Amino acid sequence: MSRKTWDTLIQNATVFDGSGDKPREMDIAIKRGKIAAMGMFLPRSMADEVIDATGKWVTPGLLDIHTHLDLEVDLEPGLPEVVRHGTTTVLVGNCSLGTAFGSQRVGDQDPIVDCFTRVENIPKSVLRKAAEAVTWESTGEYMDHFDDMPLGPNIGIFIPHSMLRIEVMGLEASISREPTEAELVRMESLLDTAMDQGYLGMSTDGLPFHYLANSPHTDKRIPTQFASFGELKRLLRVVRNRNRVWQTTPIIENRAKAFLYFALTSGRLFGKTLKTSALSVMEFVLAPKVHRGFLGFAALMNSKLFKGNMHFQALGTNFRVWSDGIVSPLFEELDSTAELIAKEYDDVEGRMALLNDPAWVERFRSDWLHGRVGKGLAGLKTKLGMPDNLVPRELRMMIFDGAPVSEWEGESLQDVYNRVQRYQRGQSDQARSDAEREAFDSFPRTMADDADFMLALLREYDKGFRFWVDIGNQGKRATLDFLLHKNAMPGFNDSGAHITNMAFFDSNLSSLKLAYNQSMETVATMVKRLTSEPAAFFGLEDVGKLELGAQADLVIIDPEALANWDDNENRILAYRELFEHNQMLSRSDGVVTHTFINGEQVWCDGAVTEALGSKPLGRALRAA
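To start, this report covers the structure provided alongside it. (Residues numbered from 1 in each chain as written. Predicted model: local features only at pLDDT ≥ 70, side-chain atom pairs only at ≥ 80, totals over all residues. Heavy atoms only, no water.)

**Digging into the nonpolar core**
Consideration 1: Phe146, Ile155, Ile159 and Tyr199 are the most contacted members of the largest nonpolar core, which totals 72 residues.
Consideration 2: Ranked by the residues each element gives to this core, the list is headed by helix α7 (residues 181-197), at six residues.
Consideration 3: Residues within four places of phenylalanine 146 in sequence aside, it is in contact with Val73, Leu151, Ile155, Ile157 and Ala620.
Consideration 4: Counting residues in each nonpolar core, the second largest holds 55 residues, with Leu330, Phe364, Leu413 and Leu455 among its members. (Core = buried A, V, L, I, M, F, W, Y, C linked by side-chain atoms within 4.5 Å. Buried < 20%, exposed > 50% of the residue type's maximum accessible area, 1.4 Å probe, protein only. Helix = DSSP H or I, 4+ residues; strand = E, 2+ residues; numbered from the N terminus. Contact = heavy atoms within 4.5 Å.)

Encoded structure:
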């Protein structure tokens with residue numbers, strides 16, 4: 001047993017304490033998981049271990065306020081892909097989906113698989129592994145089971161509304177009829193009990209392209225979207241009365257309805273303010289001014305007139321999404337491509353049947369060209385930055401990253417399409433290799449436009465080609481402004497979701513880099529926005545701050561490495577044994593030198609430590 005006063009002493013650090021105040025040069029001592037001393041020239045002789053942090057920053061552990069790591073935490077409680085980027089607290093149960101009520105399997109009903117597969121783009125094989133790890137049957141058992149788990153980061157949990165409806169009504173009824181009065185009372189009671197147990201609030205969802213994945217319901221949206229305004233008003237009254245949080249997404253297909261629902265934040269209209277965290281604010285490539293409407297509405301709701309408290313979550317980087325063929329969350333927005341995605345992942349025959357069905361091809365061509373060609377209203381709306389669809393269909397925006405022909409790697413689909421056209425007009429030198437010539441010869445000579453080219457790619461390669469496209473925050477021109485906006489909050493990282501399509505585990509570091517590019521004062525503000533500010537908003541005690549007696553969750557960052565790091569160049573597709581599947585991952589090696597949770601080092605010099613996942617460190621955070 002140690003005879004020293006402190007377990008660890010961090011010396012000579014530039015400390016951002018999470019308050020937003022300018023940093024101070026100081027030492028920090030840790031004892032038994034707590035911050036035991038802070039000051040200048042603390043004696044090395046009093047510590048078992050001394051870390052020289054000269055030239056480094058020390059910040060509170062970072063919060064990731066929007067994740068779907070509830071699917072991973074029971075398979076790998078240490079969450080190593082999180083801590084490597086300095087995140088020590090994660091929030092789960094977002095977007096109306098989660099595991100708080102258990103597996104909810106009844107007969108052929110498998111809600112975790114059914115709800116998560118297409119909404120969060122996670123293969124069914126992965127989701128079945130997650131569902132099989134479930135041992136609880138109630139929200140109380142779920143919260144308590146974290147006590148005996150070797151948890152890495154702390155975890156805060158929302159009650160997911162889709163799962164609440166399924167728990168009370170069953171899956172079939174939750175998407176086919178209104179709840180009875182008795183069922184509404186039961187939902188209120190379960191939600192009220194969960195608030196007693198320390199849940200953060202309730203999450204809902206309104207995005208129109210969030211579909212179920214199991215037959216016969218692949219044309220139905222997830223259960224939360226079948227709830228009436230009256231149902232949400234009653235349930236959110238429970239959340240409102242406890243001063244908890246409503247996490248939600250906009251109903252983008254009906255602006256008037258979206259504004260009505262968002263108005264539920266108003267204390268003036270509903271007697272008491274409802275804290276609301278909504279998705280999301282960014283500079284969309286196809287609708288570059290739409291963020292003004294979101295932020296303007298939040299300003300109106302947060303004014304003295306309405307007495308609301310809402311923000312829109314802001315991603316700290318460009319919103320880059322990868323697609324496997326057309327299997328991607330982006331293409332759920334188009335009815336025709338959603339039909340393709342609804343096919344089972346390995347159902348190549350089923351996808352090929354659609355791709356060669358003349359009626360489906362006609363629908364696809366209509367969807368693909370909608371708003372892009374012709375002189376109708378849809379085209380005018382697109383030119384005005386108010387398109388009917390936000391999914392990009394411009395081949396110049398789609399960049400091969402996993403191309404079926406090596407010469408195409410890093411090129412846009414438009415580049416390849418242009419060369420195919422020239423090759424077919426007789427310019428044989430457009431084929432740079434035998435493989436490319438063979439590929440060019442496989443394309444039909446009847447291609448009329450880029451819709452036909454995409455159809456040809458899908459027929460030839462199915463999911464065997466990958467490309468990425470930036471949906472929003474292209475070039476990060478306005479990203480820092482959003483991150484600092486008073487009606488926004490850094491978040492929307494979706495960590496743990498869309499496992500082959502995106503990876504924003506490192507988004508908090510991206511936010512810090514953007515701040516560092518501006519000034520050290522901006523870094524201090526950004527640290528607050530990533531730590532103490534969200535902790536206070538979500539009602540989380542003893543996280544997000546560096547002060548005497550606080551739990552020692554903290555991060556050491558090398559600012560020089562941060563300045564030289566490019567997040568876009570460090571996203572990889574790697575096989576994870578845990579899932580027996582590939583996953584998009586973030587790498588920021590060298591930026592975070594140490595991550596501490598409850599006083600224990602869990603990340604050090606480019607590797608996780610033995611402590612991570614071997615003993616309890618973090619805890620389930622119960623809302624104050």
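Resuming the write-up.
**Re the sheet that holds strand β14 (residues 319-324)**
Consideration 1: Read from one edge of the open sheet, three strands run β14-β16-β15, paired in antiparallel fashion. Sheet topology places β14 and β15 (399-400) at the edges, where each strand pairs with a single neighbour.
Consideration 2: Bridge count for β15 against strand β16 (residues 466-472) is two bridges, and the pairing is antiparallel. For isoleucine 399, the partnering residue across the bridge sits in β16 and is tryptophan 468. (Pairing = 2+ DSSP bridges.)

**Structural notes on a nonpolar patch on the surface**
Consideration 1: Taken together, the side chains of Leu377, Leu380, Leu384 and Met386 make up a nonpolar region of the molecular surface, amounting to roughly 410 Å² of accessible area.
Consideration 2: Its place among the elements puts leucine 384 in the loop between α15 (377-383) and β15. (Patch = residues over 30% accessible without salt bridge, like charges linked within 9 Å, V, L, I, M, F, W, Y side chains within 5 Å. Areas by Shrake-Rupley, 256 points an atom, 1.4 Å probe, with all protein chains shown as cover. Salt bridge = Lys/Arg side-chain N within 4 Å of Asp/Glu carboxyl O.)

**As for empty space enclosed by the protein**
Consideration 1: Across all of its chains, the model carries four cavities of 30 Å³ or more by this definition.
Consideration 2: Space inside the largest cavity adds up to approximately 70 Å³.
Consideration 3: Secondary structure elements with two or more residues in the lining of the largest cavity: α12 (335-342) and α13 (348-355).
Consideration 4: For the lining of the largest cavity, the per-class residue count stands at six nonpolar, one polar and four charged. (1 Å grid on protein atoms, 1.4 Å probe; cavity = no way out; pocket = protein on both sides within 12 Å on 5 of 7 lines; lining within 4 Å. Points joined across faces, edges and corners; volume = space filled by probe spheres on them. Nonpolar A, V, L, I, M, F, W, Y, C, P; charged D, E, K, R; others polar.)

So yeah, pure geometry; function would need other evidence.
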